[in-house]
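# Overview (structure and organization)
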Amino acid sequence: MHGYLYRVMSRDSADTAEPAQRKSARRLSIQYAIDLALSYLIAVIDAAAILIPLRGHTFIVAHADFAVKNTAIVVAFVALGLAGVATAGVVSLRPTLRWYVAGGEPTPKQREDAMRLVGRQSAILLGAWGVSGAVFALMNLSGGAQVLLPILLGVLLGGPAAAGMGMLLSQRTLRPIMGAATRGSEPQLAVPGVFARLVLLWFSCSALPIGVIAILMVLRSYGWLIQKSASLDVPILVVSIAAFLLGLPTMILTSRSISDPIGEVVDAMAEVEHGHMDAYVGAYERSQIGRLQMGFNQMVAGLAERDRLRDLFGRHVGADVAHRAIEQGASLSGEVRSEERRVGKECRSR
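What comes next concerns the included structure. It should be emphasised that the depicted structure is a prediction, and the values quoted were computed from it without experimental measurement.

When helices and strands are counted, the chain shows 11 helices and two strands. Reading the helices (α) and strands (β) of the chain from amino to carboxyl end gives α-α-α-α-α-α-β-α-α-β-α-α-α. Taking all 350 residues of the chain together, 35% fall into the buried category. Residue pairs in contact within the chain that sit at least 24 positions apart in sequence constitute 79% of those at least 6 positions apart. When the accessible surface of the chain is summed, it comes to about 20500 Å², and 65% of that surface belongs to carbon and sulfur atoms.

With that settled, the discussion passes to the packing of helix α3 (residues 71-102) against helix α5 (residues 117-139). Viewed as axis vectors pointing N to C, α3 and α5 meet at an angle of 155°, and their least axial separation amounts to 10 Å. Comparing the axis directions of α3 and α5 gives the class roughly antiparallel. When you trace α3 past α5, the crossing you get is right-handed. The residues of α5 that touch α3, namely those facing Ile73, Val74, Phe77, Val85, Ala88, Gly89, Ser92, Leu93 and Thr96, are Leu117, Arg120, Ile124, Leu125, Ala128, Ser132, Val135, Phe136 and Met139. Along the lines of polarity and charge, the residues of the contact of α3 with α5 split into 13 nonpolar, four polar and one charged.

Of all hydrophobic cores here, the largest spans 28 residues; its most connected members are Tyr40, Leu93, Leu97, Trp129, Leu174 and Met178. Elements that contribute at least two residues to this core include exactly α1 (2-51), α3, α4 (108-115), α5 and α6 (145-181). Looking at this core, the element that brings in the most residues is α1, giving eight residues. Every residue in contact with leucine 93, bar those within four places of it in the chain, is listed here: Leu28, Ser29, Tyr32, Leu117, Leu174 and Ile177.

Assignment of secondary structure puts aspartate 35 in helix α1. For aspartate 35, which is buried and forms no salt bridge, the nearest opposite charge comes from arginine 172, at a distance of 8.3 Å. A distance of 2.8 Å separates a polar atom in the side chain of aspartate 35 from a polar atom in the side chain of threonine 173. Those residues within four positions of aspartate 35 in sequence are excluded, and the remaining contacts are Leu169, Ser170 and Thr173.

According to the stated counting rule, one finds two aromatic pairs in the structure shown. On the basis of an interplanar angle of 45° and a centroid distance of 5.6 Å, the ring pair of tyrosine 40 and tryptophan 129 is categorised as tilted. Highlighted residues: tyrosine 40 in helix α1 and tryptophan 129 in helix α5, separated in sequence by 89 residues.

Analysis parameters
- Residues numbered from 1 in each chain as written.
- Predicted model: local features only at pLDDT ≥ 70, side-chain atom pairs only at ≥ 80, totals over all residues.
- Heavy atoms only, no water.
- Helix = DSSP H or I, 4+ residues; strand = E, 2+ residues; numbered from the N terminus.
- Buried < 20%, exposed > 50% of the residue type's maximum accessible area, 1.4 Å probe, protein only.
- Contact = heavy atoms within 4.5 Å.
- Areas by Shrake-Rupley, 256 points an atom, 1.4 Å probe, with all protein chains shown as cover.
- Axes fitted to C-alpha atoms, helices over the stretch in contact; angles between N-to-C directions.
- Parallel < 35°, antiparallel > 145°, perpendicular 65-115°, else oblique.
- Left-handed = near helix turned anticlockwise from the far one by under 90°.
- Nonpolar A, V, L, I, M, F, W, Y, C, P; charged D, E, K, R; others polar.
- Core = buried A, V, L, I, M, F, W, Y, C linked by side-chain atoms within 4.5 Å.
- Lys, Arg positive; Asp, Glu negative; His and termini not counted.
- Salt bridge = Lys/Arg side-chain N within 4 Å of Asp/Glu carboxyl O.
- Polar contact = N/O pair within 3.5 Å; in protein donor to acceptor, adjacent residues only side chain to side chain.
- Phe/Tyr/Trp six-rings, centres within 6.5 Å; stacked < 30°, edge-to-face > 60°.

Right under this line is the structure:
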């Protein structure tokens, strides 16, 4: 009878847990798809903010007005790109979600597959831009180099921007998964360190837009692709606005990539302070932050081992002696032996 009730209760608990797991998997999949789609869209806006002002203001021939003539095609390409990167991201994440949502221990192959998520998502975003640019270029071959050059420039600007933005946006979604995949093992994911992230932030928010403005001015001054009489007021204004609007979210995401893992270490330190020696922080990246997380985990493991030894020692010599031994170190050993000899002499004299 008890066995039957146990089987029924186990089946009921499994039935209730399975929808919760599916809900969690669905939520993570949707969030990851939104991250990649938003990364792609931000890169489209970034590239468009630079390329669209060139239309009608800078390029010599009328064929350079390809953005207006192909507006419907561009919109279709953007829509297909958004759907494509979102779907590919979900498909890429699905094998990892199977063991993560179930709370299981990943196999070495599953750990390795989880570590490749960031690389795969970068390949997805870069591939989407590359394919879109190649197809769009084939559709506008008749425009010559003055049409193909803006397309190439858009791919060169949008692809890396999408990949970099994808790493920043998806890190909050992937961090718990990476932490579970690397628990108890050395971090494998090589990411830029704190200094490199700040340099990349400066490059994307300051150096890149300033460089684009400088290139436009040089091209106009020499008459390369840009008429010397053309006005650069609108292009410079649009590039400046794009740098202003996109700089804030980029700065916020970069700051969070540093502050969030450090905040996890601070919270875990508070748990240790309150006596919770099982505190653990996930360490999945090979950077200064990853070394900080690993160092904290090693420190907590050492403190827990010290507590176990003190407890074991206290059971044999008493809690007071064990506490004094830990506080005073080796100097206490001579006092203990002297006390033992004195007690022994008193016993023999009696």
